[in-house]
Amino acid sequence: MSTQNVENEETAASKSKRPSDSAFKQQRLPAWQPVLTARTVLPTFFVIGVLFIPIGVVLLHFSNTANELIIDYTRCQQVGGSQTCADILKNTTGSKCLCQLNFTLTADFTGDVYMYYGLTNYYQNHRRYVKSRDDEQLLGRLSQTPSSDCTPFAYTDEGKPIAPCGAIANSLFNDTLTLSQDGVKIDLLNTGIAWPSDKRVKFRNPEGNLTKALEGFAKPLFWQTSLDELDVSNPENNGFQNEDLIVWMRTAALPSFRKLYRRLDQTKNQFTKGLKAGNYTLDINYNYPVISFDGTKRMILSTTSVLGGKNPFLGIAYIVVGAICVTLGLALLFIHMRCSRSSNMEMMNVNPHTQYS
């Protein structure tokens, strides 16, 4: 019997769920718990406020040193016509429209000058849209069976594979924007606008002649030119390595976004220091429809500062957070001084006859 009892005790001990007697499992590790007092909290609020407000002012100053001009050309009027280009594209699918807008630079745009196109209410971050691409194809590894992610933009109605396939490539921005001054066209560069890592790693052309490699493939349904004709004058900027295509394929995170379109050619003597204040003309070959989804199109001219493009948000955010911290610090300091004084007076009035509740 004694042997059986011992075995039962050992079995019960082995089945016990009691944790081992260690400092970690028994919660005996040394710990530090901050004690929040007025002496520690109030200085923290004031220090954050004193640091953040000057930093925000500096950031806002640097942002304001960058010049920026935004022109909305969504409903620009056709040259020589009475209709807007948006209405013409809406009524006649695939039609072309030319429009022209005059604008004035009130200040010199010194330094590097960049042209962007901006779109609003355009959800490039939709899950199916982001997935709708064939990365193997973009690397120049062409196949007669594109990735299933490209569906329904993988094949034409005749069953011919599309290159590049997918919704992203199919919706490539295809407006043409040019600048001129006094009738003289201003040279803009279409290279150096994409991330170097994207062009070097993610996009490559197939080996050999690009036109022959694409003979068994069709252009995307929305495109007006084929892949091998995106930039005929520059073979290094043609095909899958066209920088306009690369910029567009990097999808935006928000529905309102801008993408780099051109750079000012500053090798010309007239524009070595940028664009001077004066009157300019924006010529637009209007091809991209946005009215159907209540979107808008903009052309943005911008210079840069040491912090990048013009964006006052970060500076304003620092100033607001700093101001809130200072305000909270002053409010808590007032409450602390008032309540602590009344507490001390009550303690001073305690005597042997004071009743305790």
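Up top is the structure these notes are about.
Parameters and conventions
- Residues numbered from 1 in each chain as written.
- Predicted model: local features only at pLDDT ≥ 70, side-chain atom pairs only at ≥ 80, totals over all residues.
- Heavy atoms only, no water.
- Buried < 20%, exposed > 50% of the residue type's maximum accessible area, 1.4 Å probe, protein only.
- Helix = DSSP H or I, 4+ residues; strand = E, 2+ residues; numbered from the N terminus.
- Pairing = 2+ DSSP bridges.
- Core = buried A, V, L, I, M, F, W, Y, C linked by side-chain atoms within 4.5 Å.
- Contact = heavy atoms within 4.5 Å.
- Disulfide = S-S within 2.5 Å.
- Axes fitted to C-alpha atoms, helices over the stretch in contact; angles between N-to-C directions.
- Salt bridge = Lys/Arg side-chain N within 4 Å of Asp/Glu carboxyl O.
- Phe/Tyr/Trp six-rings, centres within 6.5 Å; stacked < 30°, edge-to-face > 60°.
- Lys NZ or Arg CZ within 6 Å of the ring centre and 35° of its normal.
- 1 Å grid on protein atoms, 1.4 Å probe; cavity = no way out; pocket = protein on both sides within 12 Å on 5 of 7 lines; lining within 4 Å.
- Points joined across faces, edges and corners; volume = space filled by probe spheres on them.
- Nonpolar A, V, L, I, M, F, W, Y, C, P; charged D, E, K, R; others polar.
- Polar contact = N/O pair within 3.5 Å; in protein donor to acceptor, adjacent residues only side chain to side chain.

1. Focus on the pairing of strand E11 (residues 297-302)
In terms of burial, E11 is a largely internal element, 6 of the 6 residues being buried. The alternating pattern of E11 places Lys 297, Met 299 and Leu 301 and Arg 298, Ile 300 and Ser 302 on opposite faces, both of which are buried. Pairing analysis gives 6 bridges linking strand E4 (residues 114-119) to E11, with the strands arranged antiparallel. Across the sheet, Tyr 116 pairs through a bridge with Ile 300, a residue of E11.

2. With respect to the nonpolar core
By size, the foremost hydrophobic cluster in this structure holds 62 residues, and its most contacted members are Phe 103, Leu 177, Trp 248, Leu 275, Tyr 286 and Leu 301. Here Trp 248 is in contact with Tyr 117, Leu 119, Tyr 122, Gln 124, Tyr 129, Ile 168, Ser 171, Leu 172, Phe 173, Phe 257, Lys 259 and Tyr 288, once residues within four sequence places are set aside.

3. So, the state of the cysteines
As enumerated under the stated definition, the model contains 3 disulfides in all. A disulfide bridge connects Cys 76 with Cys 99, and the sulfur atoms are separated by 2.1 Å. When the S-S torsion is -65°, as for the bridge of Cys 76 with Cys 99, the disulfide is left-handed. Here Cys 99 lies in strand E2 (residues 97-105) and Cys 76 lies in the loop between strand E1 (68-72) and helix H3 (85-91), a separation of 23 residues in the sequence. Each member of the pair, Cys 76 together with Cys 99, is buried. Across the disulfide from Cys 85 sits Cys 97; the S-S distance is 2.0 Å. Disulfide Cys 85-Cys 97: torsion about the S-S bond near -65°, hence left-handed.

4. Describing the sheet that holds strand E10 (residues 278-286)
Picture the strands of a sheet paired through backbone hydrogen bonds; they go either parallel or antiparallel. With respect to topology, 4 strands assemble into an open sheet ordered E2-E10-E5-E6, the strand pairing being antiparallel. Among the strands making up the open sheet, the edge pair consists of E2 and strand E6 (184-186). For this sheet, the mean inter-axis angle between neighbouring strands, taken without regard to orientation, is 35°. As defined by bridge partners, strand E5 (residues 176-181) adjoins E6 across 3 bridges and the pair is classed as antiparallel. Pairing of Leu 179 across the sheet is with Ile 186, part of E6.

5. Some words on the pattern of salt bridges
Under the criterion given, the structure shown has 11 salt bridges. Between Asp 244 and Arg 262 there is a salt bridge, with the nearest N and O atoms lying 2.9 Å from each other. Taken together, the residues span a long stretch of sequence, with Asp 244 in helix H9 (residues 243-249) and Arg 262 in strand E8 (residues 257-264) at a distance of 18 residues. With a relative accessible area of 19%, Asp 244 lands in the buried category. What you see here is one network of salt bridges that share partners, running through Asp 198, Lys 202 and Arg 250.

6. Structural notes on the packing of aromatic side chains
On inspection of all chains with the given rule, the structure shows 15 aromatic pairs. Ring geometry for Phe 103 and Tyr 280: centres 5.9 Å apart, planes at 20°, overall stacked. In this pair, Phe 103 sits in strand E2 while Tyr 280 sits in strand E10, placing the two residues 177 residues apart along the sequence. Tyr 280 shares its class with Phe 103; the two are buried. Taking 6.4 Å as the distance between ring centres and 25° as the angle between the ring planes, the aromatic pair formed by Tyr 122 and Tyr 288 counts as stacked. In this pair, Tyr 122 is assigned in the loop between E4 and helix H4 (127-131) and Tyr 288 in the loop between E10 and E11, connecting sequence segments 166 residues apart. Across the pair, exposure class does not vary: Tyr 122 and Tyr 288 are buried alike. Three or more aromatic residues joined by ring pairs make a cluster, and in this case those are Tyr 117, Tyr 122, Tyr 129, Phe 173, Phe 222, Trp 248, Phe 257, Tyr 261, Tyr 288 and Phe 293. The cationic tip of Arg 258 hangs over the ring face of Tyr 116; the distance from NZ or CZ to the ring centre is 5.7 Å. Taking the ring centre of Tyr 286 as reference, the NZ or CZ of Lys 297 above it sits at 3.3 Å.

7. Observations concerning the layout of surface pockets
One number sums up the size of the largest pocket: a volume of about 660 Å³. Forming the walls of the largest pocket are 27 residues, and the residues nearest its centre are Asn 174, Asp 175, Thr 176, Tyr 261 and Arg 262. Those elements that place two or more of their residues in the lining of the largest pocket are E5, E6, H9 and E8. Its residues placed into classes, the lining of the largest pocket shows 11 nonpolar, 9 polar and 7 charged. Space inside the second largest pocket adds up to approximately 300 Å³. As for the second largest pocket, its lining consists of 17 residues, of which Leu 89, Thr 93, Gly 94, Phe 222 and Pro 289 are closest to the centre.

8. Observations concerning the sheet that holds E4
Pairing in this open sheet of 5 strands is antiparallel, and the strands run E1-E11-E4-E8-E7 from one edge to the other. Strand pairing shows two members of the sheet lacking a second neighbour, E1 and strand E7 (188-189), which therefore form its edges.

9. Quick look at the side chain of Thr 281
Tracing the chain through its elements places Thr 281 in strand E10. Assessed through its relative accessible area of 15%, Thr 281 is described here as buried. At 3.0 Å, the side chain of Thr 281 forms a polar contact with the side chain of Asn 102.

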